[in-house]
Amino acid sequence: MAIEVRPATVFEDVKTIVGPKRPDANVCWCLSYRIPSKQNLALQREERGKFVEKLVAEDPPPGVLAYDGGEVVGWAAVHPRADTSFATNRKIPHVDDAAVWSVWCIRVRPGHRGKGISHHLLEGAIEMAREYGAPAIEGYPVDNKGRKVDLTMAYVGTRGLFEKAGFTKVAETTSVLNGFPRVLMRLDLR
């Protein structure tokens, strides 16, 4: 398996990973942390996909995609923190005023999990942030201490995943997901 990670510039591939099976369904589209809550709640059904299609056309794009051969198999949302709800999130602290990037969603398609694709996606997110000149990149994974995380809540990643990529814990948060505390992990890119 040769996994290739590229910037998410192909809307149909993004749609395959984060879009709904039915176009009129109200699914996340990975917008929950990307845009303010009020805007996220106001976007309904097909509007959500149209909004993501606009994000995919922007520079920088809203994340990275993993491919196994020509098949899209994973997604990681990564963007400057200032352009996300983490800029004003009361549960996830700011440790300084650096123009850091955030990675907040890592998703691997069913049938492709357990093959290390999330590690490739996180490396791709790091590389994209580095290429755009980010001084550091942050993630907000659960500190599950090796315990099983429900798949519907595993999108934030685990502390172990981030540590394997070189991130270190820099702060506690007051955010809890699936019963696990989330921690602020950071990797210096300078």
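None of these values were measured; they are calculated from a predicted model.

A. Representation of helix α3 (residues 46-57) in the model. Helix length check: α3 (12 residues) gives 17 Å between terminal C-alpha atoms against 16 Å at 1.5 Å per residue, within 8%. Taken residue by residue, α3 has Arg48, Gly49, Val52, Leu55 and Val56 as its buried positions. Looking straight down α3, one finds its buried side chains confined to an arc of 115°; they lie on one side. Relative to its buried face, α3 has exposed residues pointing more than 90 degrees away, namely Lys50, Lys54 and Ala57.

B. Local environment of unusual backbone geometry. Of the consecutive residues Asp59 and Pro60, the connecting peptide bond is found in the cis state with omega at 5°. Along the chain, Pro60 falls in the loop between α3 and β2 (63-68). A positive phi is found at Arg45, a non-glycine position, where the angle reads about 45°. By the element assignment, Arg45 lies in the loop between α2 (37-42) and α3. Using a relative accessible area of 41% as the deciding quantity, one classes Arg45 as partly exposed.

C. Structural view of the sheet that holds strand β7 (residues 180-188). Read from one edge to the other, the open sheet built from seven strands follows the order β1-β2-β3-β4-β5-β7-β6, with strand pairing classed as mixed. The open sheet has two free edges, formed respectively by β1 (3-7) and β6 (168-177), since each of these has just one partner strand. Neighbour-to-neighbour, the strand axes of the sheet open up by a mean angle of 25°, direction not taken into account. Taken together, the six bridges between β6 and β7 define a ladder with antiparallel strand orientation. When the sheet's bridge partners are listed, Thr168 is paired in β7 with Arg186. On top of the sheet, helix α1 (residues 11-18) reaches β2, β3 (71-80) and β4 (101-108); it is set at about 95° to β3, its chief contact. Lying on the sheet, helix α4 (residues 117-131) is in contact with β1, β2, β3, β4, β5 (136-139) and β7; it crosses β4 at an angle near 155°.

D. Fine view of the pattern of salt bridges. Under the defined criterion, the tally for this structure stands at 12 salt bridges. For Glu138, the salt bridge goes to Arg186, with nearest N and O atoms at 2.7 Å. Of this pair, Glu138 sits in strand β5 while Arg186 sits in strand β7, and the two are 48 residues apart along the sequence. For Glu138, a relative accessible area of 0% puts it in the buried group.

E. Summary view of the packing of aromatic side chains. Counting across every chain of the model gives six aromatic pairs. Aromatic side chains Phe11 and Trp29 sit 5.8 Å apart centroid to centroid with 10° between the ring planes, which places their arrangement in the stacked category. With a gap of 18 residues between them, Phe11 in helix α1 and Trp29 in the loop between α1 and α2 connect regions that are remote in the sequence. Given the relative accessible area of 5%, Trp29 is considered buried. The structure contains a cluster of three or more aromatic residues connected by ring pairs, namely Tyr33, Phe86, Trp104 and Tyr140. Note that Arg6 overlies the ring of Tyr67, its terminal NZ or CZ placed 3.7 Å from the centroid.

F. Quick peek at the nonpolar core. In terms of nonpolar packing, the biggest core is built from 27 residues, with Val103, Leu122, Ile137 and Phe167 touching the most fellow members. Breaking this core down by element, the ones donating at least two residues are β2, β3, β4, α4, α5 (159-164) and β7. Broken down by element, this core gets its largest block of residues, seven residues, from α4. Other than its neighbours up to four places away in sequence, Leu122 contacts Val103, Ile106, Leu161, Phe162, Ala165 and Phe167. Counting 26 residues, the second largest nonpolar core, distinct from the first, contains Leu43, Leu65, Tyr67 and Trp104.

Calculation rules
- Residues numbered from 1 in each chain as written.
- Predicted model: local features only at pLDDT ≥ 70, side-chain atom pairs only at ≥ 80, totals over all residues.
- Heavy atoms only, no water.
- Helix = DSSP H or I, 4+ residues; strand = E, 2+ residues; numbered from the N terminus.
- Expected span 1.5 Å × (residues − 1).
- Buried < 20%, exposed > 50% of the residue type's maximum accessible area, 1.4 Å probe, protein only.
- Arc of directions from axis to C-beta.
- Pairing = 2+ DSSP bridges.
- Axes fitted to C-alpha atoms, helices over the stretch in contact; angles between N-to-C directions.
- Contact = heavy atoms within 4.5 Å.
- Salt bridge = Lys/Arg side-chain N within 4 Å of Asp/Glu carboxyl O.
- Phe/Tyr/Trp six-rings, centres within 6.5 Å; stacked < 30°, edge-to-face > 60°.
- Lys NZ or Arg CZ within 6 Å of the ring centre and 35° of its normal.
- Core = buried A, V, L, I, M, F, W, Y, C linked by side-chain atoms within 4.5 Å.

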